[in-house]
Amino acid sequence: MEAARFAQAHILDQPVYQPGKPISHVAREFGLDPAGIDKMASNENPLGPSPKAIEAATAAVREMNLYPDGSCWDLTGKVASRLEIGRDQLVFGNGSNEVLELVAHVFLGPGAEAVMGVYGFAVYKLATLLMGARAVEVPMPGFGHDLAAMRAAVTPRTRVIFLANPNNPTGTSHTGAELVEFARSLPEDVLLVLDEAYTEYQDNAPDLRPLIAAGHAVLCARTFSKIYGLAGLRVGYGFTRPDIAALLQRARAPFNINLIAQAAAVAALDDAEFVQRSRDVNRAGLRQLAAGFGELGLSYVPSAANFILVQVPDGAKAFQFMQARGTIVRSFGNMPRHVRITAGTAAQNERCLANLRAYLAARG
Ligand SMILES: *Cc1c(COP(=O)(O)O)cnc(C)c1O
């Protein structure tokens with residue numbers, strides 16, 4: 001019998017995540033030299049990993065016959081002291097993606113609803129649907145989250161609200177005051193998941209720790225994939241109220257953060273110089289891309305993160321054209337006239353803008 005006939009019904013409708021294309025695939029497809037391809041599609045750090053993280057990971061390799069510390073003791077201690085929160089407020093995930101999934105496991109299921117922006121991070125909807133819950137997608141006029149409309153979308157069935165600040169893929173953000181007001185307006189049986197994957201790139205990043213300390217149901221999700229440059233190792237975490245963290249721990253697999261990732265993440269946290277340099281390179285990159293878009297007459301959404309959403313005549317075609325010339329960007333089914341471009345090094349940005357110009361010229 002075909003497996004689909006005895007699988008759970010909601011799995012058959014489950015959409016599939018479309019990742020940014022790996023360099024090796026594009027090299028193969030177009031006969032290009034991988035060294036000449038710029039991946040500006042997944043918001044990775046163009047500087048590579050922190051040198052300190054490389055060193056720690058290399059040393060940890062010698063112990064990879066051992067299971068990792070399932071409690072992430074060292075990493076938990078380091079993050080807890082950095083954030084001045086309790087160890088019992090933290091839960092680590094195989095990427096913050098897994099933290100989002102743990103939230104879905106614990107709080108979502110058939111009959112429950114999760115509220116999210118229509119241009120929110122794609123994983124929110126996937127995690128929601130995977131649990132058989134309903135994804136309530138709220139319009140985002142002007143590409144930013146409409147907090148009043150999100151509040152209005154909350155029903156007695158709502159268990160979770162997913163909100164990225166800054167948001168991916170739009171790059172938009174809210175002030176701390178706006179987020180605090182929003183969180184305070186929510187019923188106490190709704191978990192606000194504030195996804196802060198790009199928070200380290202922001203000046204005056206919102207701080208919801210006082211709200212969590214005051215007992216609000218808020219979880220902030222963070223990652224080592226972006227500014228810390230460890231996307232390939234898969235480490236992220238959430239910090240929240242201890243009772244919420246304890247529930248998430250129940251849903252977690254015993255050794256979800258591998259040994260090399262734990263060592264590298266601890267070291268990356270200590271590399272303040274790398275983080276600062278990443279921030280500086282990003283800021284310069286955003287400026288360079290924005291100036292280039294201006295020269296090309298393209299409008300873009302001002303970004304608080306490490307990427308920019310730019311309007312083009314046809315997103316899918318721009319993606320195709322640029323990819324064949326060695327710049328991988330990201331197009332979106334639900335935003336057919338935009339591409340998202342990760343800020344790269346000066347040279348990468350220059351090549352990207354040249355390829356964008358060529359695409360526009362080729363259209364005549
Ligand atoms: C990149 C990103 C993440 C991080 O994913 P990881 O699983 O930690 O690599 C989470 N949320 C958003 C909005 C992102 O853009």
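Fair warning: this is a prediction, and the values are worked out from it, not measured in the lab. (Residues numbered from 1 in each chain as written. Predicted model: local features only at pLDDT ≥ 70, side-chain atom pairs only at ≥ 80, totals over all residues. Heavy atoms only, no water.)

Draft legend 1. Here's a closer look at the domain arrangement of the chain. Splitting the chain by domain gives domain 1 (3-48 + 272-362) and domain 2 (51-268). Of note, the centres of domain 1 and domain 2, computed from C-alpha atoms alone, are 23 Å apart. Across the contact, 29 residues belong to domain 1 and 30 residues belong to domain 2. Considering only the surface of domain 1 that becomes buried against domain 2, Gln14, Tyr17 and Ala304 emerge as the three largest contributors, covering 20% of it. Our count for the domain 1 to domain 2 interface comes out at 1 salt bridge. Among the salt bridges present, the one from arginine 283 reaches aspartate 203, with a minimum N-O distance of 3.5 Å. Taken together, domain 1 and domain 2 are joined by 11 residue pairs in polar contact (both at pLDDT 80 or more). The element contributing the most residues to the side of domain 1 that touches domain 2 is helix H12 (residues 272-296), with 6 residues. Considered class by class, the residues forming the side of domain 1 that touches domain 2 number 13 nonpolar, 12 polar and 4 charged. (Domains from an automatic or database assignment. Contact = heavy atoms within 4.5 Å. Buried area = accessible area lost by both parts, 1.4 Å probe. Salt bridge = Lys/Arg side-chain N within 4 Å of Asp/Glu carboxyl O. Polar contact = N/O pair within 3.5 Å; in protein donor to acceptor, adjacent residues only side chain to side chain. Helix = DSSP H or I, 4+ residues; strand = E, 2+ residues; numbered from the N terminus. Nonpolar A, V, L, I, M, F, W, Y, C, P; charged D, E, K, R; others polar.)

Draft legend 2. Region of the structure containing the pairing of strand S3 (residues 113-117). Among the 5 residues that make up S3, 5 are buried, leaving the element largely enclosed by the rest of the structure. Side-chain alternation along S3 places Glu113, Val115 and Gly117 on one buried face and Ala114 and Met116 on a second face that is also buried. Taken together, the 5 bridges between S3 and strand S4 (residues 134-138) define a ladder with parallel strand orientation. Bridge pairing in S4 places alanine 114 opposite alanine 135. (Buried < 20%, exposed > 50% of the residue type's maximum accessible area, 1.4 Å probe, protein only. Pairing = 2+ DSSP bridges.)

Draft legend 3. Fine view of unusual backbone geometry. Between asparagine 165 and proline 166 the backbone carries a cis peptide bond, its omega angle lying at -10°. Following asparagine 168, the chain continues into proline 169 via a peptide bond in cis, with omega recorded as 15°. Locating proline 169 in the fold gives a position in the loop between strand S5 (158-164) and helix H8 (176-184). Residues other than glycine seldom take positive phi values, yet glutamate 84 does so here, at roughly 55°. Mapped onto the elements of the fold, glutamate 84 is located in the loop between helix H4 (73-83) and strand S2 (90-93). With phi around 50°, asparagine 204 is a residue other than glycine that occupies positive phi space. As for its position among the elements, asparagine 204 is in the loop between strand S6 (191-195) and helix H9 (209-213).

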